[in-house]
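Observations on the model geometry
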Amino acid sequence: MRKRRKQKVKFRVRPKHLFCGLTFFCLLLLYVSYRYSDNLLPFKTSVGNLITPMQNGINMIGTYLTGQLELFESKKALQEENEKLKAQIESLKSQNSVLVSNSKELAELQELYEVGKKYSDYPMIAASVISRDTNGYYSSFVVNKGAADGICKDMNVIASNGLVGIVTEVGKNYCRIRAIIDDMSYVSGMFLKTSDTCDVRGDLELLDDGYIRVEGISLSAQIEENYEIVTSYISDKYLPGILIGYVSNIEIDASNMARTAYLLPVVDFEHIENVLIITQLKERIGSDSE
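Let us look at the structure shown here. (Residues numbered from 1 in each chain as written. Predicted model: local features only at pLDDT ≥ 70, side-chain atom pairs only at ≥ 80, totals over all residues. Heavy atoms only, no water.)

It is worth spelling out the nonpolar core at this point. Counting 52 residues, the largest nonpolar core has Ile180, Ile181, Ile229, Val275 and Ile277 as the members making the most contacts within it. Excluding anything up to four places from it in sequence, Ile229 contacts Gly189, Met190, Phe191, Cys198, Val200, Val214, Ile242, Leu243, Ile244, Gly245, Val247 and Leu263. (Core = buried A, V, L, I, M, F, W, Y, C linked by side-chain atoms within 4.5 Å. Buried < 20%, exposed > 50% of the residue type's maximum accessible area, 1.4 Å probe, protein only. Contact = heavy atoms within 4.5 Å.)

Structural data, given as structure tokens:
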């Protein structure tokens with residue numbers, strides 16, 4: 001017969017018994033510490049000397065961990081604040097762009113208003129550029145006003161205190177304008193101070209230096225540098241008295257029968273956004289001469 005294996009007796013302590021025992025032990029230690037405090041003083045000192053460095057170390061570790069936690073929370077808060085500030089900056093940039101654009105548009109409209117007052121004898125309508133040719137200048141461009149707004153071919157166009165060009169093509173809601181700087185452009189002009197006539201011709205190559213060409217100036221004309229040139233009364237399409245620009249570089253041409261010059265336009269033909277179209281044709285003010 002097989003021998004029965006001896007089963008090990010497991011010793012288990014119930015939690016309530018353990019709790020009672022630990023409580024009794026703690027009370028006993030309190031009693032002994034109070035009753036024999038003088039006798040236990042060397043022991044307390046030794047234990048204090050052992051525990052104090054440990055407490056200091058634990059305190060240092062706790063302080064370090066607390067500081068790191070506060071640093072992490074502070075860094076996280078700063079990152080969140082930084083993101084908020086970035087969003088605010090982007091919002092302010094957007095608002096500033098709108099304000100700059102509105103300010104620029106307002107300045108242009110005020111400029112057009114001043115031009116309109118200068119030529120208040122003529123009825124006119126404002127228009128905005130919607131497309132242009134790709135040569136770097138506004139030599140030919142399209143605006144957002146057309147036949148539906150009363151626009152007709154050959155109406156004069158002004159901006160920036162002077163002549164821009166003339167309407168050459170009209171659609172229902174748009175029209176094309178040929179500027180005086182275009183190579184195909186010709187304007188009969190005159191010197192405002194002396195009434196001597198001249199021919200103002202577009203020249204895109206010359207415009208790279210900021211000028212267009214003036215021809216047919218009489219040798220007897222008493223003119224000087226920086227004299228104003230305006231549209232003449234003998235022009236067949238352009239209304240009289242509209243400022244074109246200022247003359248410079250006056251010299252006798254190759255034929256020795258007339259003089260030529262350069263003209264500095266008053267209009268900036270690189271930056272046109274809004275114009276005024278005079279809605280009255282030259283024929284309607286009674287000028288029949290060429």
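So that's the structure; there's more coming.
A few words on unusual backbone geometry. Notably, Asp154 is not glycine yet its phi reads approximately 80 degrees, a positive angle. For Asp154, the location among the structural elements is in the loop between β2 (140-143) and β3 (156-159). Of note in the backbone geometry, Asn249 takes a positive phi value of approximately 55 degrees without being a glycine. Under the relative-accessibility criterion, Asn249 is labelled partly exposed at 41%. (Helix = DSSP H or I, 4+ residues; strand = E, 2+ residues; numbered from the N terminus.)

Moving on, we get to the environment of Asn274. Tracing the backbone shows Asn274 in strand β12 (residues 274-278). Distance from Asn274 to Val143, taken between C-alpha atoms, is 8.4 Å for residues 131 residues apart in sequence. Of the polar contacts made by the side chain of Asn274, one reaches the side chain of Ser128; its length is 2.8 Å. (Polar contact = N/O pair within 3.5 Å; in protein donor to acceptor, adjacent residues only side chain to side chain.)

Let us now look at the sheet that holds strand β8 (residues 212-217). Working definition: the strands of a sheet are paired by backbone hydrogen bonds and lie parallel or antiparallel to each other. Strand order in the closed barrel formed by 6 strands is β6-β7-β8-β11-β10-β9, and the pairing between neighbours is antiparallel. Put simply, the sheet's adjacent strands are angled 40 degrees from each other on average, direction ignored. Pairing geometry for β8 and strand β11 (residues 259-265), over 4 bridges, is antiparallel. Bridging from a neighbouring strand, Arg213 pairs with Tyr262 of β11. (Pairing = 2+ DSSP bridges. Axes fitted to C-alpha atoms, helices over the stretch in contact; angles between N-to-C directions.)

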